[in-house]
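# Working through the structure, step by step
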Amino acid sequence: MAINWQKVREALPKTITELLAEIQQAYDSGGDDPARSVDKALRGKISGLKTRFETIKKEGTK
Amino acid sequence: MSAWQLQKVQVKNLLGFQGLKEQHFQPRIQVIEAPNHTGKTSLTMALLWGLTGIIPELPRINRHSFRLSNKHAGTDAEQFCVIELVNDSNSRMAIKRLYRGARADLDAELTVELDDKILSGQDAQMRILEELNVKPDSLEGCGVVLQDHRLGFITGKESDISDVISDMLGLTVLSRFVPTLEERLKEVKELQKEITNYLEAADPLKKWEERDQQLRDDFLQRENEAIEAGFAREDLENPATTAVRELAQIAASLKAPPAQPGRPIPDEIKRLRDHLATLRKSSPLGVELAELQGRKGQLSPWVEKAVSLRDAYRDFNERLAAEDGAGELDTKRLTDTIAEKETALQKNQERRDELASEKGLLTNAYSHMQSHQNLRACPVCDSPIKASDLLKKLKNRVEDQIASELSRLKEQQKTLSEEKDGAESRLKAVNRLKDKHGQLFAEISSFHTQVQGEPFCWKKKFEIDSLFLDADSRTKLVAVLESVAEQLNEGLRVVTDELKQKKAQIEQQEAEQYQPAEAQITCVSEKLLPVMDAAQKIENHGKKRDRAAQRKTELEQLQEDARTLAGQLQKIASALAQQEEETASAAIRARLPDISEFFRSVARNPDYDGLDIQTNISRDRVTYKIQATSSAIGNLNDTVGHVLSEGDLSAASMALLLGLASGESHHLGFLVLDDPAQGMDETLQANLAAAIVKFGKPKQVVIFTHQQSFAEALKQAGAHHSRIHSWKMGKVQDA
């Protein structure tokens, strides 16, 4: 069964639209394994946060 | 997509089959009656493996010791499973898995023939999934249902039931998608926690404030020290200006050139210190003091040397005077005496040798004459001889005259030897004294050379050998040394007094001129400079504040971003779970009448005549609870495993399996069931047979059973019937 993204979107606050769109995009481009594609996209997003954190921490040690 | 149906399966040397086993399938409902140990489980397992490449996780299968190979066939025997299928369009597909490994699972060579195409490997597996719409990791989804799973999915663990039902409802994508989001959500939350912990433990601004406070405390301490040293508080408001002003005043007081504008204060302090050192060095008092110190340094060792030489020579002189009274000091005379004694000793020896010779001769003559006492004349000259007179004279000469002289000579030799030894011993003693005197005289001469030109230096010359023998000369030298020591002592006393006076003058100059300037320089250096340094550190540290504040803002923003992401993921996961639950609930509601009807028609349980599946969301996971219901008693809803008999559970599992898997999401053209009537009595078996035939979905249902009554019931209900009933040494044969 395909995910009804419209319905999911309606169930969520508008502030989440952007992230939901990213997830949907990853999902739609995921081919046979959409969950993996979404997982990869989210890992990339989290990795961005981690990199920022590491940079700030490194700056703090100077 | 057209539904595929099983047409034939060939199994060679796999599981319970030694050699080739071939089983044909009918297009509609078919029952294959197979008593226990005839290989029906092997056949269904082979079908599963052939379609999916997977051996299911079953409690009764030990994954470590399990082997797909038939144990009687031998390791070199060909082992394979070929499944032939046909679809509504009359297309044909043959799936062949050639087993080549010692282990199960996918260690096989796969080929798929589809019409005129031949695929292999991963492409072939993908094509099977696509054509059959089967799910390799979902056993029910592949259309081959083992006994364990059929019962397991209604009485097993909640998570297992949820997985099976989600799959049969076609919700696997959703049910697997949410855990993915949750995994990442967990990661974000961990990051969020890490950021929070970091902020609490190492808040950049807090760290800055701690250091800032330290620096301010340090500044206050130094400021207080400067105030205690005499600086006014207002002077410390701009310590650099105060320092420049103070140093300018010091430079003026020392008559030093004015400082270059902009010169660093530490450099100016060094310049003034150097200038002060130069002033001290070049001061007349300083020069005189240095000269006096030099003169004192010169006189002090001379005084010591003069006193030392005077005392040593005076003692030696006294000793020499005593020795002079005890004996000869002149070594020449002593040497002459020794020579005289040696000559006398030699003469003495010669005379003693002559007398000894004469004594021998005369003794022989006396002996000879005694035998010739009658001789009256000399036999040579014929002179008359009186033998008795001759013998008397000979005896007198030997015994009186020679003996007396020899005795006197021996006495003389003893005396001479003693005198010679005495002279030699004295000579040695005098020579040692001369050596000692020589050393003393050399030291005195060296000192004389050192003090040459000094007013106290003596003019008189002394000769070493004369001094040794002449007591008057030695006494004069002692007097000279005494005089020199006295003069030197006096000179040293005068210089020491002058030095003392000079130091007092210099101290006065220091106290009046240099020390105030030096104290001022030190005050600036040790009191004002630290205040300036402390102020500079505060200023520098202040610049770091902006950066620390910026970092804190960045961290807080990052924390907020992580929190937002976590919150959003949480909401999306919840929304997706909600959608899954709603979809599942709707699908179940649509199928529940058929499911209940199937259960009711098979079980005919007087208390429970229906089934229900409750959906729920727990931690963003959709869970399912299968209950038996009663139409007579509305609130009689109980978990199936708690209230149904084994036969009824089999009926319930079949009702759920057929009811759920027959929905839109499944396109299976076939269903293979292994002993579906297990635990049922003959009545329930008949009911199940009738229900399966009546249900009609999917079109092809292959039922393996060991129950003859069930096989008969199916046959009666219209199913095609065949039988496997021979088993010998792992080799199965058809009837």
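Let us look at the structure shown here. All values derive from a computational prediction rather than experimental measurement.

Another point: the overall build of chain B. Helix and strand counts for chain B come out as 17 helices and 15 strands. For chain B, restricting intrachain contacts to residue pairs at least 6 apart in sequence, the fraction spanning at least 24 positions comes to 72%. Of the accessible surface of chain B, which amounts to about 38,500 Å², a share of 49% is contributed by carbon and sulfur atoms.

Take unusual backbone geometry next. Backbone phi values are negative for most residues with the exception of glycine, while trans is the configuration of most peptide bonds. All names here are of chain B. Backbone geometry at D115 places phi at a positive 50°, although glycine is not the residue there. Inspection of the secondary structure assignment puts D115 in the loop between β6 (108-114) and β7 (117-120). Even without being a glycine, D382 presents a positive backbone phi close to 70°. On the secondary structure map, D382 appears in the loop between α10 (331-370) and α11 (387-450).

Right, let's talk about the packing of helix α9 (residues 284-326) of chain B against helix α13 (residues 471-603) of chain B for a bit. Residues and elements named next belong to chain B. As a packed pair, α9 and α13 sit with axes 7 Å apart at the nearest point and diverge in direction by 160°. Here α13 runs roughly antiparallel to α9, going by the angle between their axes. Between α9 and α13 lies a crossing whose hand is left-handed. In terms of residue class, the contact of α9 with α13 is built from 23 nonpolar, 10 polar and 10 charged.

Tallied over the full model, the rule gives 49 salt bridges over all chains. With its nearest N and O atoms 3.1 Å apart, the salt bridge here joins R426 of chain B to E323 of chain B. Residue R426 of chain B is found in helix α11, and its partner E323 of chain B is found in helix α9; the two are separated by 103 residues along the sequence. Classification of R426 of chain B as buried rests on a relative accessible area of 15%. Taking relative accessible area as the criterion, E323 of chain B reaches 23% and is therefore assigned partly exposed. Counted as one network, the salt bridges with shared partners bring together D39, R43 and K50 of chain A together with R184 and E187 of chain B.

The subject of this paragraph is the packing of helix α6 (residues 204-228) of chain B against α13 of chain B. All names here are of chain B. Packing of α6 against α13 leaves a shortest axis separation of 9 Å and a crossing angle of 170°. Put simply, α6 runs roughly antiparallel to α13. Read as a crossing pair, α6 and α13 show a hand that is left-handed. In terms of residue class, the contact of α6 with α13 is made up of 14 nonpolar, 2 polar and 13 charged.

Once that is clear, we can look at the sheet that holds strand β10 (residues 621-629) of chain B. All names here are of chain B. Read from one edge of the open sheet, 3 strands run β9-β10-β11, paired in antiparallel fashion. Here the strands that pair on one side only, and so sit at the sheet edges, are β9 (610-618) and β11 (638-639). Pairing between β9 and β10: 9 bridges, direction antiparallel. In the sheet register, L611 faces β10, and the bridge partner there is A628. Sitting on the sheet, α13 is in contact with β9 and β10, with an inclination near 170° to β9.

Residues and elements named next belong to chain B. Residue placement: L499 occurs in helix α13. Each C-alpha atom, one on L499 and one on A290, is 9.2 Å from the other, the two residues being 209 residues apart in sequence. When near neighbours in sequence (up to four residues on either side) are disregarded, L499 contacts L289, L292, Q293 and K296.

With 34 residues of chain B at the contact, the number on the chain A side is 32 residues. Contact between chain B and chain A buries roughly 3,100 Å² in total, counting both sides, with carbon and sulfur atoms accounting for 73%. If you sort the residues of chain B by the area they bury against chain A, F177, R184 and Q579 of chain B come out on top, with a joint share of 18%. The interface formed by chain B and chain A holds 6 salt bridges in total.

With 89 residues, the main nonpolar core has I23 of chain A together with F177, L181, Y624 and I692 of chain B as its most contacted residues. Per-element accounting of this core gives the leading share, 19 residues, to α13 of chain B. Residues within four places of L181 of chain B in sequence aside, it is in contact with I23, V38 and L42 of chain A together with L569, I572, A573 and L576 of chain B.

Pairing between the strands of a sheet comes from backbone hydrogen bonds, and it takes one of two forms, parallel or antiparallel. Residue and element names in this part refer to chain B. Across the sheet, which stays open at both edges, the 6 strands sit in the order β2-β1-β4-β5-β6-β7 with antiparallel pairing between neighbours. Single-partner strands in this sheet number two, and they are β2 (20-24) and β7. This sheet shows a mean twist of 15° between the axes of neighbouring strands, independent of strand direction. Bridge count for strand β1 (residues 4-12) against β2 is 5 bridges, and the pairing is antiparallel. Within the sheet, the bridge partner assigned to Q10 lies in β2 and is E22. Contacts from helix α1 (residues 40-52) reach β1, β2, β4 (80-87), β5 (92-99) and β6 within the one sheet, and its direction differs from that of β5 by about 100°.

Calculation notes
Residues numbered from 1 in each chain as written. Chains lettered and ligands numbered in written order. Predicted model: local features only at pLDDT ≥ 70, side-chain atom pairs only at ≥ 80, totals over all residues. Heavy atoms only, no water. Helix = DSSP H or I, 4+ residues; strand = E, 2+ residues; numbered from the N terminus. Contact = heavy atoms within 4.5 Å. Areas by Shrake-Rupley, 256 points an atom, 1.4 Å probe, with all protein chains shown as cover. Axes fitted to C-alpha atoms, helices over the stretch in contact; angles between N-to-C directions. Parallel < 35°, antiparallel > 145°, perpendicular 65-115°, else oblique. Left-handed = near helix turned anticlockwise from the far one by under 90°. Nonpolar A, V, L, I, M, F, W, Y, C, P; charged D, E, K, R; others polar. Salt bridge = Lys/Arg side-chain N within 4 Å of Asp/Glu carboxyl O. Buried < 20%, exposed > 50% of the residue type's maximum accessible area, 1.4 Å probe, protein only. Pairing = 2+ DSSP bridges. Buried area = accessible area lost by both parts, 1.4 Å probe. Core = buried A, V, L, I, M, F, W, Y, C linked by side-chain atoms within 4.5 Å.

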